[in-house]
Each structure stands twice: as C-alpha cells, then as structure tokens.
Amino acid sequence: MADIQIRPITQAERAWVALLSSESWGSEMVVAHGDVLFPAELDGFIAFAGEEKSGLVTYQIKGDACEIVTLNSLKPNLGIGSQLVRHLAGIAREIGCTRLWLVTTNDNTNALRFYQTLGFHLRALRPDIIAEYREIKPEIPLIGENGIPIRDEIELEMDL
C-alpha cells in the first residue's frame with residue numbers, strides 16, 4: 001500500500017471536490033436512493049500521497065448509519081480507496097454508527113467487487129430506478145462500464 005495521509009476536507013478544497021464530482025459523475029450532484037446530493041457540501045476526507053491529492057471519500061451520517069456518498073481513488077491499485085473506506089469506518093464507529101453503507105449502479109462491477117472484498121454485503125436492489133433518476137439528472141448515461149446498460153441501483157452495507 002502507498003504511504004498515504006488522510007485528513008478532513010477543508011473549506012478551501014470544496015471547489016476541488018466539486019470539480020472532481022463533475023469530472024467523475026457528469027455534474028456536481030449525485031442522485032442516490034432518490035436523494036439529490038452535492039459532494040462538495042458534504043463531510044469527507046482527502047487522501048494525500050506527499051502533497052498530491054490522491055483520493056476522496058464523502059459521506060453523510062443519518063442516525064446510526066454512515067453513508068459513503070462518493071469514493072474516488074485517483075491512483076488506482078495502490079490501496080487508496082481501501083484506506084479511505086477503512087478510515088471512514090473507524091471514524092463512524094467512534095461516533096456511534098453501527099453500519100456503513102452505499103449505493104452503486106448495476107454496471108459498476110469494479111465497485112461491486114471492491115466493496116465486497118472489503119466486507120460489504122448486498123442489501124437491496126432497486127430495479128429500473130435509474131430511469132427515474134435521469135429525470136432529475138439527465139447526465140446519467142444509458143450505457144456504463146463494459147457496455148452494460150445502467151438500470152438498477154444496488155445497496156451495499158457493512159456492520160460496524
């Protein structure tokens with residue numbers, strides 16, 4: 001694993017988070033479980049390799065649950081995403097959360113593999129819901145990774 005330092009997002013880095021969100025998801029907003037979220041307005045952590053930003057996780061806490069809203073590893077296969085998720089899980093435990101969860105889409109096979117490897121379990125499937133989300137966010141493409149049509153939302157969860 002890379003030597004990574006992780007620290008909370010500062011106010012000065014909010015514009016960078018918004019830009020990264022736009023580059024990664026086609027706009028500064030994400031739609032998940034029917035909610036419209038703006039990662040640049042959420043709590044989160046940035047991973048640094050030296051002085052270089054190398055990853056980001058944004059999240060929200062509701063009750064005893066911590067939701068990962070976005071996760072970006074800007075240097076794949078160095079363990080940055082895993083370190084960010086583990087760091088967030090530790091923080092969530094410290095503040096009394098009992099579960100860590102997230103949603104992704106059916107085409108995102110890399111995320112499905114990644115999160116299950118970290119110990120997440122599939123918890124819910126919302127078939128064909130992405131068509132409704134496109135009414136809110138038309139930037140969601142019809143076809144995603146590996147030529148797979150983007151149709152369904154999948155919820156994954158880990159007990160803390």
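This text follows the structure it describes.
Residues numbered from 1 in each chain as written. Predicted model: local features only at pLDDT ≥ 70, side-chain atom pairs only at ≥ 80, totals over all residues. Heavy atoms only, no water.

Draft legend 1. Just the sheet that holds strand 6 (residues 65–73), in detail. Strands sit in the order 1-4-5-6-7-9-8 across an open sheet of seven strands; the sheet is mixed. Edge positions in the open sheet fall to strand 1 (5–8) and strand 8 (121–126), since each of these has one partner strand only. Within the sheet, the average angular offset between the axes of one strand and its neighbour, ignoring direction, is 25°. Against the sheet, helix 2 (residues 80–94) contacts strand 1, strand 4 (43–49), strand 5 (52–62), strand 6 and strand 7 (99–105), and its axis sits at roughly 160° relative to strand 6. (Pairing = 2+ DSSP bridges. Helix = DSSP H or I, 4+ residues; strand = E, 2+ residues; numbered from the N terminus. Axes fitted to C-alpha atoms, helices over the stretch in contact; angles between N-to-C directions. Contact = heavy atoms within 4.5 Å.)

Draft legend 2. Structural context of the pattern of salt bridges. Considering all chains together, one arrives at eight salt bridges under this definition. Note that Arg-123 and Glu-157 form a salt bridge whose closest N and O atoms lie 2.7 Å from each other. On the criterion of sequence distance, the pair formed by Arg-123 in strand 8 and Glu-157 in strand 9 (residues 153–159) is long-range, its members being 34 residues apart. The residue Glu-155 makes a salt bridge to Arg-126 at a minimum N-O spacing of 3.1 Å. Placement of the pair is Glu-155 in strand 9 and Arg-126 in strand 8, with a sequence separation of 29 residues. Take Glu-155: its relative accessible area is 13%, and that puts it in the buried class. (Salt bridge = Lys/Arg side-chain N within 4 Å of Asp/Glu carboxyl O. Buried < 20%, exposed > 50% of the residue type's maximum accessible area, 1.4 Å probe, protein only.)

Draft legend 3. Representation of the state of the cysteines within the structure. Tallied over the full model, the rule gives zero disulfides. You can see Cys-97 has no disulfide; the closest cysteine sulfur is in Cys-66, sitting 5.3 Å from it. Residue class for Cys-97 comes out buried when judged on its relative accessible area of 5%. (Disulfide = S-S within 2.5 Å.)

Draft legend 4. Inspection of the nonpolar core at higher detail. By size, the foremost hydrophobic cluster in this structure holds 25 residues, and its most contacted members are Ile-68, Val-85, Leu-88, Leu-100, Tyr-115 and Phe-120. Secondary structure elements with two or more residues in this core: strand 4, strand 5, strand 6, helix 2, strand 7, helix 3 (109–117) and strand 9. Non-local contacts of Tyr-115, meaning those with residues more than four positions away in its chain, are made with Ile-68, Leu-71, Val-85, Leu-102, Phe-120 and Leu-156. (Core = buried A, V, L, I, M, F, W, Y, C linked by side-chain atoms within 4.5 Å.)

Draft legend 5. Local environment of the pairing of strand 7. The element strand 7 is largely enclosed, with a buried count of five among its seven residues. Sheet analysis places strand 6 next to strand 7, joined by three bridges and oriented parallel. By the bridge assignment, Glu-67 is partnered in strand 7 with Trp-101. Taken together, strand 6, helix 2 and strand 7 constitute a β-α-β crossover, and its handedness is right-handed. As defined by bridge partners, strand 7 adjoins strand 9 across seven bridges and the pair is classed as antiparallel. Opposite Thr-104, over in strand 9, you have Ile-154 as the bridge partner. (Right-handed = clockwise from strand over helix to strand, strands pointing away.)

Draft legend 6. Just a nonpolar patch on the surface, in detail. Nonpolar side chains collect at one region of the surface, where Val-36, Phe-38 and Ile-136 lie side by side and expose about 220 Å² of accessible area between them. Relative to the helices and strands, Ile-136 is located in helix 4 (residues 130–136). Looking at Ile-136, the relative accessible area reads 38%, which means it is partly exposed. (Patch = residues over 30% accessible without salt bridge, like charges linked within 9 Å, V, L, I, M, F, W, Y side chains within 5 Å. Areas by Shrake-Rupley, 256 points an atom, 1.4 Å probe, with all protein chains shown as cover.)

Draft legend 7. Up close: helix 1 (residues 14–25). Its 12 residues place the ends of helix 1 16 Å apart at the C-alpha level, agreeing with the 16 Å of an ideal helix rising 1.5 Å per residue. Within helix 1, the full set of buried residues consists of Arg-14, Val-17, Ala-18, Leu-20 and Ser-21. Here the buried residues of helix 1 occupy an arc of 165° about the axis, which is enough to place them on one side. Of the exposed residues in helix 1, the ones pointing more than 90 degrees away from its buried face are Ala-15 and Glu-23. Buried residues belonging to helix 1 abut strand 5 and strand 6. Of the residues flanking the end of helix 1, it is Gly-26, one or two places downstream, whose phi is positive at about 80°. (Expected span 1.5 Å × (residues − 1). Arc of directions from axis to C-beta.)

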